[in-house]
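# Chain and residue survey
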Amino acid sequence: MKRAFLLAHPAGHSLSPVMHNAAFKELGLEARYEALDVLPEALALVMVMLRGREVYGANVTIPHKRAVIPYLDEVDDAARRIGAVNTIVNRGGKLTGHNTDAAGFLRALREDGGFEPEGKKVVMLGAGGSARAVAYALLAAKVASLGVFNRTLERAERLASDFETLGPLAVLTGAELEPAVTSADLLVNTTSVGMAHDGRDPDVSPLPSGLLPRRGMVCDLIYRPARTRLLREAQAAGLKVQDGLPMLVYQGALAFSLWTGHEAPVEGMAGAAAAALR
Ligand code: NAP
């Protein structure tokens, strides 16, 4: 039996096992996906295990997305530029690192959101790990402008300096946020503000009350809850909204195809993830 793993710490609430096991089942593949709770000091040993003959590879999440890089034989361009690996593929004992968050985000935006980012004005809230994947994706898709706002200014500045050669990216500071948001075609929240804690939906938004784009779309990477306060307010203002579930499904679908060589059954994966969320 083939195996794929999630390397995480803690590994508790991930939707990846249900999504991938549903996909293996649907395609009749004898394979199993397991979440492993990997302490940082155990990472070296786990990376040796990934080279085993029966292992497709792994997904990687907090806190190992950067830490796995020194253990890999190759890292693709997107993952190198983003500075984080979320998918490892094992081919005959050789490990390659990929980042499928960027492509997953774009596919979700285009296919589920019906939004083509080329030539659009975008504001992104946050500058953490997922923000780097989203910024890479949006710049590769040739947005007209990308304004980045983050609580910790230095982190946004680091992101901007890492990506300055990729396209028109600017860091937004306090007073610049309001005009940038109101004139944006797309607002993306990559912060964890609004995420459910201990099963409860916190009633907070990463934006000051009443501040929203005048047109277009608001996208939140959070999928628990499906409707964050930001998305509820955007919806009430007549804007198109998208939560983080389609991105989660498409980044997983891409990992699945890299491991197995099969097209991923995205509808089945999305259904399994949505059922687990309920
Ligand atoms: P991360 O690297 O830890 O970054 C967290 C970001 O949130 C930083 O920009 C941080 O700002 C900001 N933040 C946290 N608390 C804040 C607060 N109280 N006020 C203002 N800003 C705050 O996390 P990540 O991996 O990027 O994940 C961020 C979110 O995206 C999570 O909710 C995660 O579940 C979601 N996500 C979804 C998908 C998907 O497939 N849908 C994929 C990846 C992540 P500072 O820099 O100031 O700390």
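Residues numbered from 1 in each chain as written. Predicted model: local features only at pLDDT ≥ 70, side-chain atom pairs only at ≥ 80, totals over all residues. Heavy atoms only, no water.

## Structural notes on helix α8 (residues 229–236)
Convention followed: Burial here depends on accessible area, computed with a 1.4 Å probe over protein chains only, as a share of the maximum for the residue type. Under 20% is buried, over 50% is exposed, and the range in between is partly exposed. Helix numbering and strand numbering both begin at the N terminus, where a helix is a DSSP run of H or I of at least 4 residues and a strand a DSSP run of E of at least 2. What the arc covers is the set of directions going from the helix axis to the C-beta atoms. Note on definitions: a residue-residue contact is assigned when non-hydrogen atoms from the two residues lie within 4.5 Å.
Within α8 the residues assigned to the buried category are Leu230, Leu231 and Ala234. One side of α8 carries all its buried residues, which in axial view fall inside an arc of 95°. Of the surrounding elements, those touching the buried residues of α8 are β10 (186–189), β11 (217–220) and β12 (240–242). Of the residues one or two after α8, glycine 238 is the one with positive phi, at around 85°.

## As for the site of the ligand
Our working definition: Think of it this way: one heavy atom of a residue within 4 Å of a molecule or strand is enough to make that residue near it. As used in this structure description, the phrase polar contact means that two N or O atoms lie within 3.5 Å; if the pair is within protein, one of them must be able to donate a hydrogen and the other to accept it, and residues adjacent in sequence are counted only when both atoms belong to side chains. Here the open area of atoms and residues is found with the Shrake-Rupley method and a 1.4 Å probe, where only the protein chains shown may cover a residue. Gly is placed with the polar residues, together with every amino acid not listed as nonpolar (Ala, Val, Leu, Ile, Met, Phe, Trp, Tyr, Cys and Pro) or charged (Asp, Glu, Lys and Arg).
Neighbouring the ligand are 21 residues; Gly129, Ser130, Asn150, Thr152 and Gly244 lie closest to it. The contact in question runs from an oxygen atom of the ligand to an N or O atom on the backbone of glycine 129, over 2.8 Å. At 2.6 Å from an oxygen atom of the ligand is found a side-chain nitrogen or oxygen belonging to serine 130. In the complex, 75% of the free accessible area of the ligand, which totals 920 Å², lies under the protein chains. Contributions of two or more residues to the shell around the ligand are made by α5 (129–140) and α9 (245–260). Classifying every residue of the shell around the ligand gives nine nonpolar, ten polar and two charged.

## Quick notes on the packing of helix α1 (residues 16–26) against α9
Spelled out, the test is: Between N-to-C directions, angles cover 0 to 180 degrees, with each direction set by a line fitted to C-alpha atoms, over the stretch in contact for helices. Angles below 35 degrees are treated as roughly parallel, those above 145 as roughly antiparallel, those between 65 and 115 as roughly perpendicular, and all remaining angles as oblique. A clockwise turn of the near helix away from the far one marks a right-handed crossing, whereas an anticlockwise turn of less than a right angle marks a left-handed crossing.
Between α1 and α9, the least distance of the axes is 10 Å, while the angle of their chain directions is 50°. As judged from the angle between their axes, α1 and α9 are oblique. Seen from above, α1 lies across α9 with right-handed handedness. Contacts between α1 and α9 involve Met19, His20, Ala23 and Phe24 from the first element and Leu248, Val249, Gln251, Gly252, Phe256, Trp259 and Thr260 from the second. Here the residues of the contact of α1 with α9 sort into seven nonpolar, four polar and no charged.

## Structural notes on the packing of aromatic side chains
The line we're drawing: Aromatic pairs are defined between Phe, Tyr and Trp rings, using the six-membered ring for Trp, whenever the two ring centres lie within 6.5 Å; interplanar angles under 30 degrees are classed as stacked, those over 60 as edge-to-face, and all others as tilted. Each ring is checked for a lysine NZ or an arginine CZ that lies within 6 Å of its centre and within 35 degrees of its normal; such an atom marks a charge sitting over the ring.
The final tally for this structure, using the stated rule, is three aromatic pairs. Between phenylalanine 24 and tyrosine 56 the ring centres are 5.9 Å apart and the planes differ by 20°, which places this aromatic pair in the stacked class. You can see phenylalanine 24 sitting in helix α1 and its partner tyrosine 56 sitting in strand β3 (residues 55–60), a full 32 residues away along the chain. Between tyrosine 33 and tryptophan 259 the ring centres are 6.0 Å apart and the planes differ by 45°, which places this aromatic pair in the tilted class. Linking tyrosine 33 in strand β2 (residues 31–37) with tryptophan 259 in helix α9, this pair joins segments that are 226 residues apart in sequence. In this structure, tyrosine 33 and tryptophan 259 share a single accessibility class: buried. Among the aromatic residues, ring-to-ring pairing joins Phe24, Tyr56 and Phe256 into one connected group. In this structure, lysine 120 packs its charged tip against the face of phenylalanine 115, placed 5.3 Å from the ring centre.

## Things to note about the sheet that holds β11
What counts, and what does not: Strands were regarded as paired on the criterion that DSSP finds at least two bridges between them.
In spatial order, the strands read β9-β8-β7-β10-β11-β12; together these six strands make up an open sheet with parallel pairing. A strand with exactly one partner marks an edge of an open sheet, and here the two such strands are β9 (169–171) and β12. Neighbouring strand axes in the sheet, compared pairwise and without regard to direction, differ in orientation by 20° on average. Across five bridges, strand β7 (residues 121–125) lies against strand β8 (residues 145–149) in parallel orientation. Bridge assignment links methionine 124 to a residue of β8, and that residue is valine 148. Where helix α7 (residues 174–182) meets the sheet, its contacts fall on β7, β8, β9 and β10, and the angle it forms with β7 comes to roughly 135°.

## Concerning the sheet that holds β2
Here we have six strands laid out as an open sheet, ordered β2-β1-β3-β5-β6-β4, and mixed in their pairing. The sheet is open, and its two borders are formed by β2 and β4 (74–75), each paired with just one other strand. When β3 meets strand β5 (residues 87–91), the two strands line up antiparallel, connected through three bridges. Note that in β5 the partner of glycine 57 across the bridge is valine 89.

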